[in-house]
Every structure is written in C-alpha cells, then in structure tokens.
Amino acid sequence: RFNPLIIHVPGPAPAAELVEFDDRAMRLAARFWPGALTIVLPRRAGCPVAPLASAGLGTLAVRAPDHAVAQTLLATAGGPVAAPSANRSGALSPTTAAHVAHSLGEVVAMILDGGRCSLGLESTVLDLSGERARILRPGAVTAEDIAQTIGPVETATGDAAVTAPGMLAHHYATRLPLRCDVAELKPGEALLAFGQHGLIGATAERNLSPTRDLR
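Definitions and cut-offs
Residues numbered from 1 in each chain as written. Predicted model: local features only at pLDDT ≥ 70, side-chain atom pairs only at ≥ 80, totals over all residues. Heavy atoms only, no water. Helix = DSSP H or I, 4+ residues; strand = E, 2+ residues; numbered from the N terminus. Rg over C-alpha atoms; globule rule 2.2 N^0.38 Å. Buried < 20%, exposed > 50% of the residue type's maximum accessible area, 1.4 Å probe, protein only. Core = buried A, V, L, I, M, F, W, Y, C linked by side-chain atoms within 4.5 Å. Contact = heavy atoms within 4.5 Å. Arc of directions from axis to C-beta. Axes fitted to C-alpha atoms, helices over the stretch in contact; angles between N-to-C directions. Parallel < 35°, antiparallel > 145°, perpendicular 65-115°, else oblique. Left-handed = near helix turned anticlockwise from the far one by under 90°. Pairing = 2+ DSSP bridges. Phe/Tyr/Trp six-rings, centres within 6.5 Å; stacked < 30°, edge-to-face > 60°.

Draft legend 1. Spotlight on the overall build of the chain. For the chain, the count of helices and strands is five helices and nine strands. The order of α-helices and β-strands along the chain, N terminus first, is β-α-α-β-β-α-β-α-β-β-α-β-β-β. For the chain, the C-alpha radius of gyration of 19 Å lies close to 17 Å, the compact-globule estimate for 215 residues. In terms of its C-alpha atoms, the chain occupies a principal-axis envelope of roughly 60 × 45 × 30 Å. For the chain, the residues scored as buried account for 35% of the 215 residues in total.

Below you can see the structure in the form of structure tokens.
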C-alpha cells in the first residue's frame with residue numbers, strides 16, 4: 001500500500017505557495033516551525049508537486065525541518081523536496097545514519113549524516129484540511145501543545161483511511177512478542193524500561209530515560 005509522502009520546505013512562505021494556509025496553520029507554523037510538526041492542508045491550484053507524491057489526494061503534508069543539514073539541502077535544491085522516512089516500508093524510522101545504512105544498505109547512493117536525531121520520534125502529522133483539527137500520526141509535538149495554540153484537536157481512529165505516513169498500525173509493531181505494563185518478568189525476557197522501577201531478572205535491559213524525560 002502506498003503512503004503519501006511529506007513535502008519538506010524551508011518555512012511557511014514557501015509552503016504557502018503549495019497549500020492553502022488558514023489562520024490555524026499560520027499560528028502553528030509560527031510556534032513549531034522549523035520543527036517536528038507536519039501539517040496536512042489543501043493543495044493550491046497549480047501546485048507544482050506531482051499528484052503521485054500525495055497518492056492522488058487533494059491535500060499535501062508539509063513540514064519545515066529543524067536541522068541545518070536539511071535546511072541546506074532545501075536551499076540547494078531550490079524548491080520543495082518530497083521524501084519518506086529513510087527506512088524500508090513497515091520498518092521503524094531511523095535516528096542515526098547507521099540505522100539508515102542498516103535498513104537501506106546499497107539501495108541509496110548517498111546518506112547525509114547530520115548526527116543523531118535530537119528527538120527519537122517522528123513528526124506529528126496534523127490534518128487541517130477540514131473544519132476539525134485531527135492528529136493522524138502522534139509524534140514529538142503533543143496534542144496538548146497543539147490545543148494550546150489552536151484549540152480542540154481530535155485523534156484519528158484506527159479505522160480511518162490512510163492519508164498520512166505512519167498511520168498503519170503495523171508500522172510500529174515489534175518483531176518479537178511484547179508485554180506492556182508488567183508487574184514481574186518471566187524467565188528469558190528482556191526489559192524495555194522508562195524511568196525507575198523495581199523489576200529484576202531481565203536477561204537484558206534498555207532504559208529509554210531513567211529520569212522519565214520524554215524527549
């Protein structure tokens with residue numbers, strides 16, 4: 001199944017040449033761009049982005065990335081860049097150049113290494129193409145952050161049509177069986193933890209943040 005791509009732009013002004021910005025989009029761009037927020041908006045008439053880049057939909061998902069290498073790439077390209085995450089379809093998104101090399105191998109001709117991602121999570125994808133703001137993919141910008149800027153925001157349900165990258169449930173599925181919110185460990189289990197805990201007996205452990213820092 002084909003997922004629409006994200007169109008990367010340097011900032012709000014270039015994005016407004018591609019999509020119809022409303023007041024909500026302008027306020028969000030002013031607060032979160034450049035940054036980890038992707039906004040889905042109606043295409044402008046005569047938009048130069050090929051329909052294939054948005055799966056033939058009447059909308060585009062646009063984002064201004066907050067990284068010097070990405071901004072330099074956009075400036076050098078001289079226009080919007082349509083791109084997916086740098087991983088194979090259905091695999092987790094990378095946070096280092098080594099992850100990209102492991103996932104794509106020799107499929108790509110070049111990898112631009114800008115260092116480890118400052119956030120270990122994809123951008124939030126927010127649909128503003130209708131009257132109600134809807135989060136299509138949860139990410140680094142929270143629903144609370146968005147609501148503080150534009151008011152109430154909904155979250156797309158599991159049976160919603162796939163209109164943005166990362167909406168397929170299996171995209172985030174583990175390859176091994178996973179138990180959540182455990183009170184005790186079973187023999188042979190590894191532990192993925194967040195914050196302090198009293199669990200013992202894990203064959204291996206990775207703590208995402210001992211201080212419970214979501215970033």
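Additional details are given in the paragraphs that follow.
Draft legend 2. Fine view of the nonpolar core. Among the nonpolar cores identified, the biggest contains 28 residues, and Leu-28, Trp-33, Leu-37, Leu-126 and Leu-128 are the most heavily contacted of them. When residues of this core are assigned to their parent elements, the largest contribution, four residues, is made by helix α2 (residues 23-32). When neighbours within four sequence positions are excluded, Leu-37 is seen to be in contact with Leu-28, Phe-32, Val-62, Arg-63, Ser-123, Thr-124, Leu-126, Val-141 and Ile-146. Formed by six residues, the second largest nonpolar core is a distinct cluster that contains Ile-6, Val-40, Val-125 and Ala-156.

Draft legend 3. Structural context of the environment of Pro-80. For Pro-80, the position within the fold is in the loop between α3 (68-77) and β4 (81-83). In the structure, Pro-80 is positioned 45 residues away from Val-125 in sequence and 18 Å away in space, judged by C-alpha atoms. Non-local contacts of Pro-80, meaning those with residues more than four positions away in its chain, are made with Ile-7, His-8, Val-9, Leu-18 and Val-49.

Draft legend 4. Region of interest: helix α5 (residues 143-150). Restricting attention to buried positions, one finds in α5 the residues Ile-146, Thr-149 and Ile-150. Seen end-on, α5 carries its buried residues on one side only, within an arc spanning 75 degrees. Every exposed residue of α5 that faces more than 90 degrees away from the buried side is listed here: Glu-144 and Gln-148. A positive phi of about 100 degrees marks Gly-151, the residue just after α5.

Draft legend 5. Structural view of the packing of α2 against α5. α5 packs onto α2 with a crossing angle of 125 degrees between their chain directions and a minimal axis gap of 9 Å. One element, α2, and the other, α5, form an angle in the oblique class. For the pair α2 and α5, the sense of crossing is right-handed. Facing Arg-24, Arg-27, Leu-28, Arg-31 and Phe-32 of α2, the residues of α5 in contact are Asp-145, Ile-146, Gln-148, Thr-149 and Ile-150.

Draft legend 6. Representation of the sheet that holds strand β2 (residues 37-42) in the model. Taking strand neighbours across the sheet as the criterion, the seven strands line up as β4-β1-β3-β2-β5-β6-β7 in an open arrangement whose pairing is mixed. A single partner strand is all that each edge strand has here, and the edge strands are β4 and β7 (154-155). Direction of pairing for strand β5 (residues 124-127) relative to strand β6 (residues 134-137): antiparallel, over a ladder of three bridges. Residue pairing for β6: Val-125 is matched across the bridge by Arg-137. Contacts from α2 reach β2 and β5, with the element oriented near 160 degrees to β2. Across the sheet, α5 is in contact with β2, β5 and β6; its angle to β5 comes to roughly 40 degrees.

Draft legend 7. Structural context of the environment of Asn-87. Within the secondary structure, Asn-87 is located in the loop between β4 and α4 (97-104). For Asn-87, a relative accessible area of 12% translates into the label buried. A C-alpha to C-alpha distance of 17 Å links Asn-87 and Arg-137, two positions 50 residues apart in sequence.

Draft legend 8. Expanded view of the packing of aromatic side chains. Per the counting criterion, the structure on display carries one aromatic pair. For the pair Phe-21 and Trp-33, a centre-to-centre distance of 6.1 Å together with 75 degrees between the ring planes defines the contact as edge-to-face. Placement of Phe-21 in the loop between α1 (12-16) and α2 and of Trp-33 in the loop between α2 and β2 is noted, with a sequence separation of 12 residues between them. Overall, Trp-33 belongs to the buried group, its relative accessible area being 8%.

Draft legend 9. Highlighting the environment of Ala-68. For Ala-68, the position within the fold is in helix α3. Residue Ala-68 is classed as exposed on the basis of its relative accessible area, which comes to 57%. Sequence separation between Ala-68 and Leu-192 is 124 residues; the distance between their C-alpha atoms is 32 Å.

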